Amino acid sequence: MSAELDDLYQEVILDHNRRPRNFRRLEGGQHAEGFNPLCGDRLTVYLQIDDEGRIGDVSFQGSGCAISKASASLMTDSVKGATVAEAARLFDRFQQMITGPADGPIDRLGKLEALAGVRRFPVRVKCASLAWHTLRAALEANEGMVTTE
Ligand code: ZN
C-alpha cells in the first residue's frame with residue numbers, strides 16, 4: 001500500500017469498516033437502495049422520522065469497499081437526531097469537502113473529516129458519497145434505486 005493510500009485508509013476509516021455503526025435493518029420506516037457501479041458498492045439506508053421531523057433512527061446494510069462502508073457508518077452516526085434540513089446541509093458540506101481542491105482547507109465536520117482524503121482520489125469520491133445520496137433518496141421516501149452515475 002502506498003503512503004498516500006495508507007493515509008486515505010486512516011484509523012477512523014479502518015475502524016468504521018471493521019465495526020460499522022448502525023449496521024442493521026430497520027423495520028417500519030423509509031428506505032432506499034444505492035449502487036455505485038464504478039466500484040460495485042451497494043447500500044440500503046433505513047430511517048425513521050419522528051413526530052418532530054427529526055431522524056429518530058437511521059441504519060444501513062450492504063457490501064462494498066472500505067470507503068463506502070466507513071462513509072455509511074460515519075453518515076449514520078452524524079445524522080441521527082438531526083432534522084431533515086440539517087441532514088441536507090451536512091450532505092452539502094460533506095460533498096464540498098470531498099470534491100474540493102486537494103490542498104484546500106477542510107471544513108469543520110468532526111469525524112466526517114476522516115474522509116477528506118478521498119478528494120485526492122477522484123474515483124473514490126463516489127464511494128464516499130454513495131451513503132449520502134442514498135440517505136437523500138430515503139428521506140424523499142424514494143423506494144427506487146439510486147446510482148452515483
Ligand atoms: Zn467503493
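Given the structure is predicted, the values throughout are model-derived calculations rather than measurements.

Trainee: Help me understand the side chain of H16 in this model?
Mentor: Topologically, H16 is positioned in helix α2 (residues 11–18). With a relative accessible area of 2%, H16 lands in the buried category.

Trainee: So what exactly am I meant to see when it comes to unusual backbone geometry here?
Mentor: Unlike most non-glycine residues, N22 shows phi in positive territory, near 60 degrees. By the element assignment, N22 lies in the loop between α2 and β1 (30–36).

Trainee: What should I look at first to understand the coordination of the zinc ion in this one?
Mentor: A metal bound by six donors in octahedral fashion has ideal angles of 90 or 180 degrees, whereas one bound by four tetrahedral donors has an ideal angle of 109.5 degrees. Coordination of the zinc ion by the protein comes from C39 (SG), D41 (OD), D41 (OD), C65 (SG) and C127 (SG), over a distance range of 2.2 to 2.7 Å. Mapped onto the sequence, the residues coordinating the zinc ion show the spacing C-x1-D-x23-C-x61-C. Here C127 lies in helix α5 (residues 122–139) and C39 lies in the loop between β1 and β2 (41–49), a separation of 88 residues in the sequence. Owing to a relative accessible area of 36%, C39 belongs among the partly exposed residues under this scheme. Taking the relative accessible area as the measure of exposure, C127 reaches 1% and is therefore buried.

So, how was this worked out
Residues numbered from 1 in each chain as written. Predicted model: local features only at pLDDT ≥ 70, side-chain atom pairs only at ≥ 80, totals over all residues. Heavy atoms only, no water. Helix = DSSP H or I, 4+ residues; strand = E, 2+ residues; numbered from the N terminus. Buried < 20%, exposed > 50% of the residue type's maximum accessible area, 1.4 Å probe, protein only. Donors = N, O, S within 2.8 Å, 3.2 Å for Na, K, Ca; no water.

The quantities given are spatial measurements derived from coordinates; they are silent on function.
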